[in-house]
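A look at the structure
Residue strings, one per chain:
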Amino acid sequence: MNGVAEKPGAGAAATVLEVRGLVKTYPGVEALRGVDFNVRSGEVHCLLGPNGAGKSTLIKCVSGAVEPTAGEILVDGEPLPERDPAAALGRGVATIYQELDLVEDLSVAQNVFLGHEPRRGPLLDLGRMRSDAAALLARLGHEKIDPRLSVRALRPAAQQIVSIARALSYDARVLIMDEPSAILDAGEVETLFEVVRRLTAEGVGVVYISHRLDEIRRIGDRVTVLADGATAAGGIAADTPPDELVRLMVGRKVERLYPERPAGGGETLLEVRDARALPAVRGVSFEVRAGEVLGIGGLVGSGRSELLRLICGLDSREAGEVIVAGRRLAPNRPDRAIAAGLGLAPEDRKSQGLLLDWDLTKNITLADLGRFSRGLLDVRGEREAARAQLRALNTVPDDPGRRARELSGGNQQKVVLSRWLLRECRVLLLDEPTRGVDIPSKAEIYRIVTELAGRGLGVVLVSSELEELAGICTRVLVMREGELVAEVDGEKATERELLSHAVVPTTGPDLIEEVA
Amino acid sequence: MNQAAALRNRFGALQFQEYALGLVVIALFVTGAILRPDTFPTWDNVRNMLTQASIIGVLAVGMTFVIATSGIDLSVGSMVAAAGVFGGTLVDPSGGTLLFIAGAIGFAVLLGTINATAITLGRVVPFIATLAMLSIARGLALLLNDKLPVGLLDLNGGSYGDPAPFSLLWFGTGKILGIPISVWVFLGIVVGGWVVLNRSRFGRYVVAVGGNREAARIAGVPVRKVIFSVYVLSGLMAGIATVLLCARLGSASPVSGNLYELDAIGAVVIGGTSLAGGRATMVGTFLGVLTFALIFSLMTQLDLSTEIQQVTKGAIVLGAVLIQRPEARY
């Protein structure tokens, strides 16, 4: 192994993976237009780029899932056979995709060795499988995960550790992680970083893909920025200022990621008093005022989504009151909550927010059909109203006849917002509105949210990205184990402070969940 | 271009299947005309086919709403028998057309309401709830008049020749502009069903509930009310079908309506309404009903036995579901 490092790093930083002039064309689309990229042993190399920049295509080429049109992929200086996932794994290039590909009903050990089970003669060597899996987990610092447990019993964060153990079982020298933090909350991200640090200390090169700029700063050594299928910046330092990274990504300067913070301070629109629905929500009281963006932060599982669902009457509450404009809302009546002026953009746009096979018109008017119904529905009026909403939010495409499935995540989110704006709701409840959305679209959603607050709406923003809460909220509430534990003024909020409130003080979150 | 997309969407992606099915209907008719030129393409035969199709057709309109919510109603055939016998016992020995119609429709609506209650309040899956009703209603049909059919030939409006207008038998044999009354009723219900499905808030809610129940609930759709309503509606349609059937036969038989649920479900599915819910087409259902009617009229004229027809029917329904499958995303 010869050092082809551009500059001498700590220790012998040999290049383990090198990609030169990679081109991939699909009929009518140039997904990659000559990408250069290399990973050194023991570094975390972040890959950054908006959706559609070619990140996924690049990792699919490297892992052997698709065949590149031109260019070279070298592992330890030797070319990798094309379109051969087994060969890539054999040479130590392992990939963990965003959607974890574990078999939920198999045990941890069976998942780790799936496809290359240790054998004794014709039979599986279960004892060795278990002990080897335990050893791999211990190497990652997670000896608490029992190899005999079925994967279904583990939380997503623990499942991810199992995926990493599986990658290690192939003697991985390069580990590619596609948005590993997307499914994790702030505390779990820390656990993940700890695992990544252990791996790099062993000399593994890690390719880390994420939309979260703060993570790149914290875990990364170098960054490669992709834009429109080409390398916009190759291997620059990970502490490059975020504004600069965003500029590289979008090819122009995004004015600012976070717009002016709304001042709030209007009349009380929504009041929640001692709301309870055990075990998720254990007595929560707060109020939302006109003109503010009220953030609710906390770890995944702290009860934030459940709280929003309870407020909207989607789940039953055991005690407490929800008061909108002076009137108490009946529990379990989402229709009345909507009539009172509440609107929820749920956590999972695809499965809860939209009817993906419906056109945009029907998706937007669904909550407000009364407006168009005079005996019969005025379908032309519906279409025009939908078009006006789509244009007001710069949705692409703004053709109300398109199917919701065809839109990107950010634009689907705008369709959900359009629905509630058409309905003229007074309080918008947004559950993880920027999850899986690229950075330019995030900036746009932030702008829309603050504009709406400026127009006198009350906005409740639930998010796992504490940085975003600190960035745009007037006030931030922190939830932990079903209770509100802190209120922080938005101007003064920092990610670190919010995180310190969100995590349980004594021990880290236990990754192993009771089997139901 | 924008205009074209809007136009395409206005009529929905279902257009293709509807056109294709329209061509199938024409092709079947042409085939019949070639194979049996003397008997098939005659006005008598067409009228006959439509009259027979009208009963299944009315059931299929109700079934379209049920299936659009991703539900199913297996009990419609048995409900037809039970409602007929119930209405018959009300008017036997003395009673008028109006009492029969009110009794039959009322009883079918009652049974549909029991389905609806079991499914929404009892949270029984539609398949099981209506399967149970299939058995209950058939049992009631046999119990109500001691397994015997009820004669209804007296309900002719007191006339000695053709039945008087608006008497029960007139609904079975009468004509307006040469077209049988039952065909008019069927066409009216199809048109009404189209309007409700495509141009009313209720219709939009029905498809939303079938397409994504949780998303519909979050958008404020009264999900349980909607589901309740479609099973009551299916009962109402079964009641109307009962009246048409009894009017044509001049009696109410406890063994009538056998396997009508399969014909109705088959017509709906062939028409392109998705069994997974979220996609429904009334035009498709109408064409599906015609397709079934043409196929069996043709098979009868070719002297193929009812056993063969039954095998064919099942095979067509299975085939239609298989064709639908790749479009469904799980």
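Conventions we followed
Residues numbered from 1 in each chain as written. Chains lettered and ligands numbered in written order. Predicted model: local features only at pLDDT ≥ 70, side-chain atom pairs only at ≥ 80, totals over all residues. Helix = DSSP H or I, 4+ residues; strand = E, 2+ residues; numbered from the N terminus. Rg over C-alpha atoms; globule rule 2.2 N^0.38 Å. Buried ≥ 20, exposed ≤ 12 C-beta atoms within 10 Å, placed from the backbone. Contact = placed C-beta atoms within 7 Å. Domains from an automatic or database assignment. Nonpolar A, V, L, I, M, F, W, Y, C, P; charged D, E, K, R; others polar. Pairing = 2+ DSSP bridges. Axes fitted to C-alpha atoms, helices over the stretch in contact; angles between N-to-C directions. Left-handed = near helix turned anticlockwise from the far one by under 90°. Core = buried A, V, L, I, M, F, W, Y, C linked by C-beta atoms within 7 Å. Expected span 1.5 Å × (residues − 1). pLDDT = per-residue confidence, 0-100.

Of the regular secondary structure elements, chain B holds 14 helices and four strands. For 330 residues, the compact-globule estimate of 2.2 N^0.38 gives 20 Å, and chain B sits close to it at 20 Å. For chain B, the C-alpha atoms occupy an extent of roughly 65 × 55 × 35 Å along the three principal directions. Counting the 330 residues in chain B, one finds 51% classified as buried. Nonlocal contacts in chain B, meaning residues at least 24 apart in sequence, comprise 77% of its contacts between residues at least 6 apart.

Across its full length, chain A holds 17 helices and 24 strands. Here the C-alpha atoms of chain A give a radius of gyration of 25 Å, agreeing with the 24 Å that 2.2 N^0.38 yields for 516 residues. Principal axes of the C-alpha set define a box for chain A whose edges measure 70 × 50 × 45 Å. Taken over 516 residues, chain A has a buried fraction of 53%.

With that settled, the discussion passes to the domain arrangement of chain A. All names here are of chain A. Segmenting chain A into domains produces domain 1 (15-250), domain 2 (262-341 + 426-505) and domain 3 (354-424). Taking the mean C-alpha position of each, domain 1 and domain 2 sit 34 Å from one another. Taken together, the elements giving at least two residues each to the side of domain 1 that touches domain 2 come down to helix 6 (186-201) and helix 8 (242-250). At three residues, the largest contribution of residues to the side of domain 1 that touches domain 2 is made by helix 8. Here the residues of the side of domain 1 that touches domain 2 sort into six nonpolar, three polar and three charged.

What follows concerns the sheet that holds strand 1 (residues 15-26) of chain A. Residue and element names in this part refer to chain A. The four strands lie next to each other as 2-1-4-5, forming an open sheet whose pairing is antiparallel. At either end of the open sheet lies a strand with only one pairing partner, and these are strand 2 (29-40) and strand 5 (78-79). Note that strand 1 and strand 4 (residues 70-75) share five bridges and pair antiparallel. Counterpart to arginine 20 in the pairing with strand 4 is glutamate 72.

Our next topic: the interface of chain A and chain B. Contact with chain A, which involves 24 residues of that partner, is made by 22 residues of chain B. Secondary structure elements with two or more residues in the side of chain A that touches chain B: helix 10 (334-340), helix 11 (349-353) and strand 20 (376-377) of chain A. Split into classes, the residues belonging to the side of chain A that touches chain B amount to 13 nonpolar, five polar and six charged.

The next point concerns helix 9 (residues 201-211) of chain B. With nine of its eleven residues buried, helix 9 of chain B lies for the most part within the structure. Looking only at helix 9 of chain B, the buried set comprises B:Gly203, B:Arg204, B:Tyr205, B:Val206, B:Val207, B:Ala208, B:Val209, B:Gly210 and B:Gly211. Tucked into the core, helix 9 of chain B has its buried residues touching helix 12 (360-365) and strand 20 of chain A together with helix 3 (43-68), helix 8 (181-199), helix 10 (213-218) and helix 11 (223-249) of chain B.

Residues and elements named next belong to chain B. Two numbers describe how helix 12 (residues 260-271) lies on helix 14 (residues 306-324): the axes approach to 9 Å, and their chain directions differ by 35°. Between helix 12 and helix 14 lies a crossing whose hand is left-handed. On helix 14, the residues touching Leu262, Ile265, Gly266, Val269 and Ile270 of helix 12 are Lys313, Ile316, Val317, Ala320, Val321 and Gln324. Its residues assigned to classes, the contact of helix 12 with helix 14 shows eight nonpolar, two polar and one charged.

A word on unusual backbone geometry. The amide bond that connects A:Leu278 to the next residue, A:Pro279, takes the cis arrangement and shows omega of 0°. Topologically, A:Pro279 is positioned in the loop between strand 13 (268-277) and strand 14 (281-289). Even without being a glycine, B:Arg123 presents a positive backbone phi close to 55°. Residue placement: B:Arg123 occurs in the loop between helix 5 (97-120) and helix 6 (126-144). Even without being a glycine, B:Leu259 presents a positive backbone phi close to 65°.

Now for the sheet that holds strand 24 (residues 483-489) of chain A. Residue and element names in this part refer to chain A. What the six strands build is an open sheet, ordered 18-21-22-15-23-24; its pairing is mixed. Of all the strands in the sheet, the pair left with one neighbour each is strand 18 (342-345) and strand 24. The average angle at which neighbouring strand axes cross in this sheet is 20°, direction not considered. Lying over the sheet, helix 17 (residues 495-502) contacts strand 15 (293-298), strand 23 (475-480) and strand 24, oriented at roughly 30° with respect to strand 23.

We now examine the environment of A:Ala290. Residue and element names in this part refer to chain A. Checked against the element boundaries, alanine 290 lands in the loop between strand 14 and strand 15. On a C-alpha basis, the gap between alanine 290 and alanine 263 in space is 9.8 Å, while along the polypeptide they are 27 residues apart. For alanine 290, the contacting residues outside a window of four places in its chain are Gly266, Glu267, Leu269, Gly456 and Gly458.

This part covers the nonpolar core. Among the nonpolar cores identified, the biggest contains 259 residues, and A:Leu342, A:Val459, B:Leu59 and B:Ala82 are the most heavily contacted of them. Broken down by element, the residue count for this core peaks at 15 residues, all from helix 11 of chain B. Not counting chain neighbours up to four residues away, the residues in contact with A:Val459 comprise A:Val293, A:Leu294, A:Leu428, A:Leu430, A:Val449, A:Leu452 and A:Ala453.

Here the focus is the environment of B:Val91. Residue and element names in this part refer to chain B. Within the secondary structure layout, valine 91 lies in helix 4 (residues 76-91). For the pair formed by valine 91 and threonine 39, sequence separation is 52 residues and the distance between their alpha carbons is 39 Å. Setting aside chain neighbours within four positions, we find valine 91 in contact with Gly96, Leu99, Phe100 and Leu155.

Next up on the list: helix 4 of chain B. Relative to the 22 Å expected for 16 residues at 1.5 Å per residue, helix 4 of chain B spans 23 Å between its end C-alpha atoms, a close match to the ideal helical length. Helix 4 of chain B sits mainly inside the fold: 14 of its 16 residues count as buried.

All names here are of chain A. Within strand 21 (residues 427-431), five of the five residues are buried, leaving the element largely enclosed by the surrounding structure. On strand 21, burial covers both faces: Val427, Leu429 and Asp431 on one face and Leu428 and Leu430 on the other are all buried. Bridging between strand 18 and strand 21 involves four bridges; their strand directions are parallel. Opposite alanine 345, over in strand 21, you have leucine 430 as the bridge partner. The pairing of strand 21 with strand 22 (residues 458-462) spans five bridges and is classified as parallel. Across the sheet, residue leucine 429 finds its bridge partner in strand 22, namely valine 460.

All names here are of chain B. Mean pLDDT over chain B works out to 88, with 92% of the residues at or above the 70 mark. This model gives residues 4-13 a pLDDT under 50, and the stretch forms five contacts once residues within four places in sequence are excluded. Here the predicted complex scores 0.76 on pTM and 0.85 on ipTM.

What follows deals with the environment of B:Asp263. Residue and element names in this part refer to chain B. Mapping aspartate 263 onto the fold places it in helix 12. Sequence separation between aspartate 263 and glycine 288 is 25 residues; the distance between their C-alpha atoms is 9.7 Å. Residues within four places of aspartate 263 in sequence aside, it is in contact with Ile56 and Phe292.

Residues and elements named next belong to chain A. In this model, chain A carries a mean pLDDT of 86, and residues with pLDDT of at least 70 account for 93%. In this model, residues 1-11 is a region of pLDDT below 50 whose contacts with residues beyond four sequence positions or in other chains number eleven contacts. Below pLDDT 50 for its whole length, residues 506-516 participates in 19 contacts with residues either more than four positions away or in separate chains.

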